[in-house]
Amino acid sequence: MNAKQKAERTGIIFLVLLIVSGAVLLYRGNDAVALGVAKKEGILTAEQVKMSFDSVSGRLVHQAVQEGDNVKKGDVIMELDATDTDLAIKKTKAQIAQIEAQIAGKNGSQQVSYQKADNDETQSFRQIDQQRAAVAAAAATLRNSELDYERKTSLVEAGAIARSALDDATTALEVAQANVAQQQQLLDRLLAGAQDTGTTDGLALPTIAQERADAANMGNDIAALEKQREQLLVSLDELQVKKERLVLRAPEDGKVLKVLAKEGEMVSQGTPVVLLESRRSYYDIYLSEEQAAGLSEGDEVTGTTVAGRKQVKGTIRLLTQAPGFADLKQSREKGQADLSAFLVRIYIEPTDGVQPGMTIGVNERAFAER
């Protein structure tokens, strides 16, 4: 057999093997579509957190982490300059102390005013009682003078006494009348317009009422000062919150992937300064309609790492229709999907030896059994 015949025989054998192999693959369902349906693998991806300063800006004065550092929740990451905020806090505290001193002073003055009104009322009642007695004494003297005048008038008419005695009685009567009028004026002045009931029980003196009203009005000044203090306390709380926000802390456990700001730089609010890789990891797989029909969000799924064959438990957090690129298409029907795909996002539980970037596969039988 010459070389040409050997080459032809070899070519025929290779062609037959190729045809047989293709037929076997088609028979076993190992074409591209079948493999796409059966192969359920995804790359484990860690969620990333872009950290930034909330509602504050300033100069970065302290950088506590470097790229690659592992941090715990609450660890200090960065700090902004707090000089201005500290001064504002100190100033506000001084203003609060000043207002509190004014409130204390007003409260003291109000109490003193009330006490003065009470003392003035007691003293006024005592003076009124004394003046009532003086009026009564003057009235008694007047009555005696009237009786003496009437008696002497009769005696003068009878010629029993001299006319001068009657003149003296007349003078004494006029003096007694004037004294009664004077004492009554003094009593009216002490009453200051209040109706005299003959007793001090229940007697309301206008001057004392005015003193108490003035003392009560001090309460309005105190209330205004207390409102000012409340506003300052709110401002102080805001400043304290602002100062806390000048310190950036890790929101959760994770690993620092990238530091985007350096010490001495000006940092704006909301601008990412650190990229943090969280401990929350997930992988995506794509399922056909039939496979996805038996699943729901919250179902538990067990996957296996391609490297090391480790079992990884996870929970379906997202089950939704996949983008069009994930549909499995046949070449004979261009642009039309033969098999619609569904995106399944599975979050895993932390597992030793399983890191982001590893490939995790899920046995399709796990979906078929549901």
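Residues numbered from 1 in each chain as written. Predicted model: local features only at pLDDT ≥ 70, side-chain atom pairs only at ≥ 80, totals over all residues. Heavy atoms only, no water.

The protein appears in an unreviewed UniProt entry as Biotin/lipoyl-binding protein from Selenomonas bovis. Note on the protein: under the UniProt heading Subcellular location (unreviewed entry), the record states "Cell envelope". (UniProt positions renumbered as here; feature names shortened; annotations may be inferred.)

Caption draft 1: Geometry of the overall build of the protein. The number of helices and strands found in the protein is seven helices and 15 strands. Within the protein, the proportion of its 370 residues that are buried is 29%. Across the protein, the fraction of contacts at a sequence separation of at least 24, relative to all contacts at a separation of at least 6, is 76%. Accessible surface, the protein as shown: approximately 23,200 Å² in total, 50% of it carbon and sulfur. (Helix = DSSP H or I, 4+ residues; strand = E, 2+ residues; numbered from the N terminus. Buried < 20%, exposed > 50% of the residue type's maximum accessible area, 1.4 Å probe, protein only. Contact = heavy atoms within 4.5 Å. Areas by Shrake-Rupley, 256 points an atom, 1.4 Å probe, with all protein chains shown as cover.)

Caption draft 2: Spotlight on the sheet that holds strand β5 (residues 76-80). A sheet is described by the order of its strands in space; here four strands give the open sequence β6-β5-β3-β8, paired in antiparallel fashion. Each edge of the open sheet is held by one strand with a lone partner, namely β6 (247-249) and β8 (266-267). Alignment of strand β3 (residues 58-63) against β5, held across three bridges, turns out to be antiparallel. Bridge pairing in β5 links Q63 to M78. (Pairing = 2+ DSSP bridges.)

Caption draft 3: How the structure looks around the pattern of salt bridges. On inspection of all chains with the given rule, the structure shows 13 salt bridges. Of the charged contacts in the structure, one is a salt bridge between R132 and D129, with a shortest N-O distance of 3.0 Å. Placement of both R132 and D129 in helix α3 (residues 83-158) is noted, with a separation of three residues, approximately one turn of the helix. Beyond isolated ion pairs, a larger network of salt bridges with shared partners links E47, E252 and R280. (Salt bridge = Lys/Arg side-chain N within 4 Å of Asp/Glu carboxyl O.)

Caption draft 4: Layout of helix α4 (residues 163-191). Given a rise of 1.5 Å per residue, 29 residues ought to cover 42 Å, and the 42 Å separating the end C-alpha atoms of α4 matches this to within 8%. A165, L166, A169, L173, A176, V180, Q183, L187 and L191 are the residues of α4 that are buried. Where the residues of α4 are buried, they touch α3 and α5 (206-245). (Expected span 1.5 Å × (residues − 1).)

Caption draft 5: Up close: the nonpolar core. Counting 21 residues, the largest nonpolar core has F53, I77, M78 and V273 as the members making the most contacts within it. Counting residues per element, the ones that place at least two in this core are β2 (45-51), β5, β7 (254-259) and β9 (274-288). The element contributing the most residues to this core is β5, with three residues. When near neighbours in sequence (up to four residues on either side) are disregarded, M78 contacts F53, L60, H62, Q63, L246, V247, L248, V259, A261, V273 and V274. Counting 15 residues, the second largest nonpolar core, distinct from the first, contains Y283, A292, V354 and I360. (Core = buried A, V, L, I, M, F, W, Y, C linked by side-chain atoms within 4.5 Å.)

Caption draft 6: Structural context of the packing of aromatic side chains. Under the counting rule described, the total for this entry stands at one aromatic pair. Taken together, a centroid distance of 5.3 Å and an interplanar angle of 35° make the contact between Y282 and Y347 tilted. Of this pair, Y282 sits in strand β9 while Y347 sits in strand β14 (residues 341-348), placing them 65 residues apart in sequence. (Phe/Tyr/Trp six-rings, centres within 6.5 Å; stacked < 30°, edge-to-face > 60°.)

Caption draft 7: Broad picture of the side chain of S288. Within the secondary structure layout, S288 lies in strand β9. For S288, a relative accessible area of 12% translates into the label buried. Those residues within four positions of S288 in sequence are excluded, and the remaining contacts are K40, S340 and F342.

Caption draft 8: Fine view of the layout of surface pockets. When its volume is computed, the largest pocket comes out at roughly 300 Å³. Lining the largest pocket are 14 residues, and of these R279, S281, V354, Q355 and P356 lie nearest its centre. Among the elements that line the lining of the largest pocket, the one with the most residues is β9, at four residues. (1 Å grid on protein atoms, 1.4 Å probe; cavity = no way out; pocket = protein on both sides within 12 Å on 5 of 7 lines; lining within 4 Å. Points joined across faces, edges and corners; volume = space filled by probe spheres on them.)

Caption draft 9: Local environment of the confidence of the model for the protein. Here the protein shows a mean pLDDT of 85. Residues at 70 or above account for 82%. Across the protein, the element-wise mean pLDDT spans from 50 in helix α2 (residues 32-38) up to 97 in β5. Predicted confidence is poor over residues 25-35, with pLDDT under 50, and the contacts of this stretch with residues over four places away or in other chains come to 10 contacts. Note that pLDDT drops below 50 for residues 330-337; the model gives that stretch seven contacts with residues more than four away or on any other chain. (pLDDT = per-residue confidence, 0-100.)

Caption draft 10: Representation of unusual backbone geometry. The backbone phi angle of S55 is positive, close to 65°, even though this residue is not glycine. Here S55 is to be found in the loop between β2 and β3. Of note, R309 is a non-glycine position whose phi angle comes to about 55°, a positive value. Tracing the backbone shows R309 in the loop between β10 (300-305) and β11 (311-321). Judged by its relative accessible area of 58%, R309 falls in the exposed class.

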